[in-house]
Amino acid sequence: MSYQQFITAARGRLASAARETCQVAGVGTVEFVDDGAGPPALVSHPLFGGFDTGLGVGRQFLGPDHRIVAPSRFGYLGSTMPHTATPADQADAFTAVLDELELDRVVVLGYSAGGPSVIQLALRHPERVSALVLVASALPGKAGNPPRLVARALFGSDVTFWLLGRMGPSVTARILGMDRQFRPVGSQRQVIEDTWASLFPVAPRKRGVLHDLYVSNPDVQTYPLEKITVPTLVLSAHDDAMSAYDNAESAVPRISSARLVSFADGGHLLLDHDDAIRRSVADFLQMAPSPRSARAGGLPPVAGKSSRSPTP
């Protein structure tokens, strides 16, 4: 498939994906998808994500029986990038989306770079979080980023990313956070190919990617994890090359109600462990407080918000 065919198909998929928007005071537009029925869960997507990726992550790790609310975080796709935005600001924007949907308390899941903002949500608004699930999340400890000039040059270019993908699944797997020694076999190759394709188009995600790399992920280093009071589940693989396992292992004892589920392999994508993750999350959620919709009479309105609107 030529580049033009590939990117046209990717843009078409994104354009046809149902989503909604709401206006949040001090922020601007927040784009999100609200999909399915069942206990509600807010999903914070990873690097190179958006509402589309968040929905996929929610279904992958929570299964089909949850209502998934997946916002595009700041700077991704149709969501505004506020000046001097922080993960704490993102957490507050998450609550505005919950208010818009009249959801009082929800399960919250953050994957990879989606972790810092949901940790802030648990710290700043614990009454809105019935349980916190952190999957291969950015956490305090070992971390690293590419030079800014390299990131700016590469991470917003669809054609560059397409060319990288042409180098084969071992190369793309490395970029996706798999260990340097990892070589995909069998169905793993298709998972990596599908995951890589889901990043496209990358250009409308660039501002969010750079914000994650140089603001959001570093911000997590100073978080007072000891102040998290909600039930917390942390899932991590020993060979994760992007979110170090040692960080997860060190974080869990700092959170009074946390539990760690570890995997010997699987890398940052937690390959081949979807069923085990869904079982672990389901067992954990059975012990957590139930999510719930707004109390009778609804939640108080958030100043500056307009009614949400469907897009496209």
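Each remark here, short or long, concerns the structure printed above.
Residues numbered from 1 in each chain as written. Predicted model: local features only at pLDDT ≥ 70, side-chain atom pairs only at ≥ 80, totals over all residues. Heavy atoms only, no water.

Caption draft 1: Summary view of the overall build of the protein. When its secondary structure is counted, the protein shows 11 helices and 10 strands. Projecting the C-alpha coordinates of the protein onto the three principal axes gives extents of approximately 55 × 40 × 35 Å. Looking at the 312 residues of the protein, the share that counts as buried comes to 54%. Taking the intrachain contacts of the protein between residues at least 6 apart in sequence as the baseline, contacts between residues at least 24 apart amount to 77%. When the accessible surface of the protein is totalled, it reaches about 13100 Å², and 54% of it is carbon and sulfur. Positive and negative side-chain charges of the protein, numbering 29 and 29 respectively, have mean locations separated by a distance of 4 Å. (Helix = DSSP H or I, 4+ residues; strand = E, 2+ residues; numbered from the N terminus. Buried < 20%, exposed > 50% of the residue type's maximum accessible area, 1.4 Å probe, protein only. Contact = heavy atoms within 4.5 Å. Areas by Shrake-Rupley, 256 points an atom, 1.4 Å probe, with all protein chains shown as cover. Lys, Arg positive; Asp, Glu negative; His and termini not counted. Charge placed at Lys NZ, Arg CZ, Asp CG, Glu CD.)

Caption draft 2: Fine view of the pattern of salt bridges. For the coordinates displayed, the defined rule picks out 10 salt bridges. Here K142 makes a salt bridge to D246, at a shortest N to O gap of 3.2 Å. Linking K142 in the loop between β6 (129-135) and α5 (148-154) with D246 in helix α10 (residues 245-251), this pair joins segments that are 104 residues apart in sequence. (Salt bridge = Lys/Arg side-chain N within 4 Å of Asp/Glu carboxyl O.)

Caption draft 3: Structural view of the nonpolar core. Ranked by size, the top nonpolar core spans 57 residues in total, and within it L109, F200 and L235 carry the most contacts. A per-element tally of this core places helix α1 (residues 3-16) first, with 5 residues. Those residues in contact with F200 that sit more than four places away from it in its chain are F6, I7, A10, D158, F161, W162 and R205. Counting residues in each nonpolar core, the second largest holds 38 residues, with L103, V118, L225 and I228 among its members. (Core = buried A, V, L, I, M, F, W, Y, C linked by side-chain atoms within 4.5 Å.)

Caption draft 4: Examining the environment of A88 more closely. As for its placement among the helices and strands, A88 is situated in helix α3 (residues 87-100). A88 gets classed as buried once you look at its relative accessible area, which sits at 14%. Taking the C-alpha atoms as reference points, A88 and L121, separated by 33 residues in sequence, lie 7.3 Å from one another. For A88, the contacting residues outside a window of four places in its chain are Q120 and R124.

Caption draft 5: Up close: the pairing of strand β3 (residues 40-44). Counting buried residues along β3, 5 of its 5 residues qualify, which places the element largely inside the surrounding structure. Of the two faces of β3, the one holding P40, L42 and S44 and the one holding A41 and V43 are both buried throughout. Direction of pairing for β3 relative to strand β4 (residues 67-71): parallel, over a ladder of 3 bridges. When the bridges of β4 are listed, P40 appears paired with R67. (Pairing = 2+ DSSP bridges.)

Caption draft 6: Main features of the side chain of S236. Position of S236 relative to the elements: it lies in strand β7 (residues 232-237). For S236, a relative accessible area of 3% puts it in the buried group. If we ignore the near neighbours within four places in the chain, the residues touching S236 are S243, Y245, A248, V261, S262, F263 and L270.

Honestly, it's all geometry; don't read function into it.
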